There are 2 protein chains.
Amino acid sequence: MAEVRNKQVILRDYVTGFPKESDMNIVESTITLNLPEGSNDVLLKNLYLSCDPYMRILMNKDLPPELSNRSYSPGSPITGYGVSKVLESGHPDYKTGDLVWGTTKWEEYSLVPATQILFKIEHTDVPLSYYTGILGMPGMTAYAGFFELGSPKKGENVFVSAASGAVGQLVGQFAKLHGCYVVGSAGSKEKVDLLKNKLGFDEAFNYKEEPDLNAALKRYFPEGIDINFENVGGKTLDAVLLNLRLHARIPVCGMISQYNLTQLEGVTNLPSLLFKRVHMQGFNVSDYYHLYPKFLEYLLPHIREGKVVYVEDIAEGLENGPAALVGLYSGRNFGKQVLVVAHE
Amino acid sequence: MAEVRNKQVILRDYVTGFPKESDMNIVESTITLNLPEGSNDVLLKNLYLSCDPYMRILMNKDLPPELSNRSYSPGSPITGYGVSKVLESGHPDYKTGDLVWGTTKWEEYSLVPATQILFKIEHTDVPLSYYTGILGMPGMTAYAGFFELGSPKKGENVFVSAASGAVGQLVGQFAKLHGCYVVGSAGSKEKVDLLKNKLGFDEAFNYKEEPDLNAALKRYFPEGIDINFENVGGKTLDAVLLNLRLHARIPVCGMISQYNLTQLEGVTNLPSLLFKRVHMQGFNVSDYYHLYPKFLEYLLPHIREGKVVYVEDIAEGLENGPAALVGLYSGRNFGKQVLVVAHE
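Keep in mind it's a predicted model, so treat the numbers as computed, not measured.

Asks: Can you break down helix α3 (residues 168-177) of chain B residue by residue, with the values?
Replies: Residue and element names in this part refer to chain B. By the criterion of burial, α3 is predominantly enclosed, with eight of the ten residues buried. What α3 keeps buried is the set G168, Q169, L170, V171, G172, Q173, F174 and A175. Of the surrounding elements, those touching the buried residues of α3 are α2 (137-149), β8 (157-160), β9 (181-186), β11 (225-229), α8 (292-304) and β15 (336-340).

Quick look at the structure:
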């Protein structure tokens, strides 16, 4: 039984406020690359790890009960979505050599219960890293949020915040494919250019250069917003509420602007929900994974034909993981932030 | 053509902040009790007028476009829901002597387009005033909000704010009939007693005596709230957001706490929508009137058998209208506030 090095990204302590690289440690532990006798678990070699905004929430000490079973523990590796190769399996659904995606740990090798694996990867003519993004959790999130909760109709007006991120860039492209008018906001000139020139958004703006978000939205949506795909919350949401059309929908995918605040921002314009008869729904992709086969059937041909593109920001090596993860909250990433542990 | 006196309640000027009796004038104009030649309109004798929280919004100068066609005009009578008798009709759907309910003006006699009449009153074995409340707009609001948007299941936990009001008292009784646990909040000891002893709420509390609304809700809902029927907004909503169960529903019927504020309160706990995967929906009863026959079929037997009761606070005479209406915003009313113009 060969013991090998198992580099890990460990949470040092619970986090308050903005996370820093130093909130995590890189340690070298060891692991035996054999499944324990009689185990039903699966031994994984981790290839690509996903950096996702929700991970900050799991660094909090006190979590809502719904999330507490997923809380990170100081001294242990953090967890997240990832693409992995099965080295050995005690579970009949998986066998050595399978490529899978699901929840794994931020380390080179992980022993996980089979229930943490979400899907076997069947299509490898696209980059494997895509299963942390466009073909993984963020992709399914964009798909379920936009189509299932957004109930889009051709010609409707769609606003996407954090529009160049892992989810936002897809929502915008889905909206265009569906015949909608779509405007995105992002935090730099380069991201705005990306949205307009590569991702096909009708318009885009840099929210950091808009002192009056309400005025900015009025400029781009003189007739109001039918679907607001909510990724950021706070001030942006407050401005959106003043610019909704009757019967607007707000799928609430995230509120990244609030995750690092010890005092949350107050949203004042909620009476608009009433006047505009708005449907606002918080959701978690885990309620929608039964749609994954339908989602692949829809999206894979678009990817192969180049009708949907996906921008990844790739960091190499576990030791660069903390910086990659922390960068999400300052908007340092350009597109979906992926961390490569090993290429195969 | 006999000219008769037509007493009216006139808006003096647009209102800022809390409305005062003096924002309205009682004037005596005259009206000819004949339909103009060739008119398709309906001449009404107004019997019962409904005092409803939304009316404050229509006193604002600047309204969202969705509401601007209903805005009150300084110098003209205010409008609202009411029960009226048809004196003369130029429209084939109505004839002299019909009792109807719908939108009318705060005056003794009104000439209205037939489209403002919502329903003919067919059942007169219940008090006519009920068609301003339990069998009118507030009743349909409670029914549509609770059953259509709340999607209640037996055994679920329901919270109702402004629970002794026109809508709240019904939501609580519907919840009990449906096998739910229901707690209401109201603004006085008498109202709390009413909720517990007459209206069948499982528990009730006086929000004015709860310095920590979050703690109060935790006390009554140790396992969380499945349906929050939102009538008040602001601080109460913010506390509710901390006490929701997974997949909770929030039908947003009103936000009365915000209608008189020039600076709206900020609601900080919206990330709960995400963590609890909450469905929050603003609605307007006008989208649900097609359910009115089904609603009557459900509710009339319950009223006749005494299984659903309804508390009205009855003011007599148009000259007492301004005080009755203004009283809604300080919670002076005890149950549904009705204004009697004439008993028949």
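Back to the write-up after that little detour.
Asks: How would you sum up the interface of chain A and chain B? Please name residues and give values.
Replies: The partner chain B presents 36 residues to the 36 residues of chain A that form the contact. Between chain A and chain B the total buried area reaches about 2,900 Å² when both faces are included, carbon and sulfur atoms providing 67% of it. For the chain A face of the interface with chain B, the top three residues by lost area are L274(A), F275(A) and R277(A), together amounting to 21%. At the boundary of chain A with chain B, the tally comes to two salt bridges. When the shortest N-O distance is used, the salt bridge between R277(A) and D287(B) registers 2.9 Å.

Asks: I'd like a rundown of the state of the cysteines, residues and numbers included.
Replies: Residue and element names in this part refer to chain B. The full count for this structure, using the stated rule, is zero disulfides over all chains. With no disulfide partner, C51 has as its closest neighbouring cysteine sulfur the one in C253, 16 Å distant. Cysteine C180 is unpaired, with the sulfur of C253 as its nearest cysteine sulfur at 17 Å. Overall, the relative accessible area of 2% leaves C180 in the buried class.

Asks: Account for the relation of the copies chain A and chain B, naming residues and giving values.
Replies: Note on the identical chains: chain A maps onto chain B by a rotation of 180° and an axial translation of 0.0 Å, with an RMSD of 0.0 Å. With respect to symmetry, the two chain copies, as superposed, fit the operation of a two-fold axis. Taking C-alpha positions as the reference, the residue of chain A nearest the rotation axis is G266(A), at 1.9 Å. Comparing interface residues between copies, 100% of those in chain A also lie at the interface in chain B; the contact surface is shared.

Asks: Describe the packing of aromatic side chains, naming the residues involved and giving the relevant values.
Replies: All names here are of chain A. Following the criterion strictly, the structure yields 46 aromatic pairs over all chains and no others. Ring geometry for F147 and Y298: centres 5.5 Å apart, planes at 75°, overall edge-to-face. Of this pair, F147 sits in helix α2 (residues 137-149) while Y298 sits in helix α8 (residues 292-304), and the two are 151 residues apart along the sequence. Since its relative accessible area comes to 25%, Y298 is described here as partly exposed. Ring plane angle 5° and centroid distance 5.4 Å describe the contact between F205 and Y220, whose orientation is recorded as stacked. Placement of the pair is F205 in strand β10 (residues 203-206) and Y220 in helix α5 (residues 213-220), with a sequence separation of 15 residues. Y220 carries the same exposure label as F205, and that label is buried. Members of the aromatic cluster, each reached through a chain of ring pairs, are Y54, Y81, W101, F119, Y143, F146, F147, F174, Y289, Y292, F295 and Y298.

Asks: So, the packing of α2(A) against α8(A): which residues are in play, and what are the values?
Replies: Residue and element names in this part refer to chain A. α8 packs onto α2 with a crossing angle of 95° between their chain directions and a minimal axis gap of 11 Å. Relative to α8, the element α2 is oriented roughly perpendicular. Side by side, α2 and α8 meet where G139, M140, Y143, F147 and E148 of the first sit next to Y292, K294, F295 and Y298 of the second. Of the residues contributing to the contact of α2 with α8, the split by class is six nonpolar, one polar and two charged.

Asks: For the environment of S272(B), give the residues involved together with the corresponding values.
Replies: All names here are of chain B. Topologically, S272 is positioned in helix α7 (residues 271-275). On the basis of relative accessibility, which here comes to 9%, the residue S272 falls in the buried class. Put simply, S272 and L242 are 30 residues apart on the chain and 6.8 Å apart in space, counted from C-alpha to C-alpha. Beyond its immediate stretch of four places on either side in the chain, S272 contacts L241, L242, R277 and V278.

Asks: Give a description of the UniProt feature "domain: Oxidoreductase N-terminal" (unreviewed entry) in chain A that names residues and reports values.
Replies: The UniProt feature table records "domain: Oxidoreductase N-terminal" (unreviewed entry) at residues 7-117 of chain A. Annotation note: span residues 7-117 of chain A, helix share 4%, strand share 41%, distance between end C-alpha atoms 21 Å.

Asks: Explain the domain arrangement of chain A to me, using residue names and the numbers behind them.
Replies: Residues and elements named next belong to chain A. When cut into domains, chain A gives domain 1 (3-133 + 310-340) and domain 2 (137-286). Taken together, the contact between domain 1 and domain 2 spans 24 residues of the former and 19 residues of the latter. By the criterion of area lost to domain 2, the three top residues of domain 1 are Y310, V311 and F334, representing 31% of everything that side buries. Between domain 1 and domain 2 we count zero salt bridges in total. Summed over the shared surface of domain 1 and domain 2, the result is six residue pairs in polar contact (both at pLDDT 80 or more). Classifying every residue of the side of domain 1 that touches domain 2 gives twelve nonpolar, eight polar and four charged.

Asks: Could you give me a rundown of the side chain of R56(A), with the residues and numbers involved?
Replies: Residue and element names in this part refer to chain A. Here R56 is to be found in the loop between β3 (42-50) and α1 (65-68). With no salt bridge to any partner, buried R56 finds its closest opposite charge in D23, at an N-O distance of 7.0 Å. Those residues in contact with R56 that sit more than four places away from it in its chain are V15, T16, G17, P19, Y259, N260 and Y329.

Asks: So, the UniProt feature "domain: Alcohol dehydrogenase-like C-terminal" (unreviewed entry) in chain A: which residues are in play, and what are the values?
Replies: UniProt's entry tags residues 166-297 of chain A with the feature "domain: Alcohol dehydrogenase-like C-terminal" (unreviewed entry), counted in the numbering of this structure. Here residues 166-297 of chain A is 36% helix and 21% strand, with 20 Å between the C-alpha atoms at its ends.

Asks: Tell me about the nonpolar core, and please be specific about residues and values.
Replies: Counting residues in each nonpolar core, the largest one holds 161 residues, and the members touching the most others are W101(A), L135(A), F146(A), L325(A), W106(B) and L325(B). Leave out the neighbours within four places in its chain, and F146(A) touches T141(A), S151(A), P152(A), V158(A), V171(A), F174(A), A175(A), H178(A), C180(A), I227(A) and F229(A). Within the second largest apolar cluster, 60 residues are counted, among which are F174(B), L296(B), I303(B) and V340(B).

Asks: Describe the sheet that holds strand β11 (residues 225-229) of chain A, with residues and values.
Replies: Consider a sheet: its strands pair through backbone hydrogen bonds, and that pairing is either parallel or antiparallel. On the basis of which strands lie adjacent, the open sheet formed by twelve strands has the order β10(A)-β9(A)-β8(A)-β11(A)-β12(A)-β13(A)-β13(B)-β12(B)-β11(B)-β8(B)-β9(B)-β10(B) and mixed pairing. For this open sheet the edge positions go to β10 of chain A together with β10 (203-206) of chain B, each flanked by a neighbour on one side alone. Neighbouring strand axes in the sheet, compared pairwise and without regard to direction, differ in orientation by 15° on average. One ladder, built from four bridges, connects strand β12 (residues 244-252) of chain A with strand β13 (residues 279-282) of chain A; its direction is parallel. Each residue of the ladder has a partner; that of I250(A), found in β13(A), is M280(A).

Asks: So what's going on with the pattern of salt bridges? Which residues, and what values?
Replies: Applying the stated criterion to the full structure yields 34 salt bridges over all chains. For D98(A), the salt bridge goes to K95(A), with nearest N and O atoms at 3.3 Å. A relative accessible area of 8% places D98(A) in the buried class. Among the residues examined, K95(A) registers a relative accessible area of 54% and is labelled exposed. In this structure, the salt-bridge partner of R304(B) is D125(B), at a minimum N-O distance of 2.7 Å. With R304(B) in helix α8 and D125(B) in the loop between β7 (117-120) and α2, this residue pair connects regions lying 179 residues apart in the sequence.

Rules of the game
Residues numbered from 1 in each chain as written. Chains lettered and ligands numbered in written order. Predicted model: local features only at pLDDT ≥ 70, side-chain atom pairs only at ≥ 80, totals over all residues. Heavy atoms only, no water. Buried < 20%, exposed > 50% of the residue type's maximum accessible area, 1.4 Å probe, protein only. Helix = DSSP H or I, 4+ residues; strand = E, 2+ residues; numbered from the N terminus. Contact = heavy atoms within 4.5 Å. Buried area = accessible area lost by both parts, 1.4 Å probe. Salt bridge = Lys/Arg side-chain N within 4 Å of Asp/Glu carboxyl O. Disulfide = S-S within 2.5 Å. Least-squares fit on C-alpha atoms with pLDDT ≥ 70 in both. Phe/Tyr/Trp six-rings, centres within 6.5 Å; stacked < 30°, edge-to-face > 60°. Axes fitted to C-alpha atoms, helices over the stretch in contact; angles between N-to-C directions. Parallel < 35°, antiparallel > 145°, perpendicular 65-115°, else oblique. Nonpolar A, V, L, I, M, F, W, Y, C, P; charged D, E, K, R; others polar. UniProt positions renumbered as here; feature names shortened; annotations may be inferred. Domains from an automatic or database assignment. Polar contact = N/O pair within 3.5 Å; in protein donor to acceptor, adjacent residues only side chain to side chain. Lys, Arg positive; Asp, Glu negative; His and termini not counted. Core = buried A, V, L, I, M, F, W, Y, C linked by side-chain atoms within 4.5 Å. Pairing = 2+ DSSP bridges.

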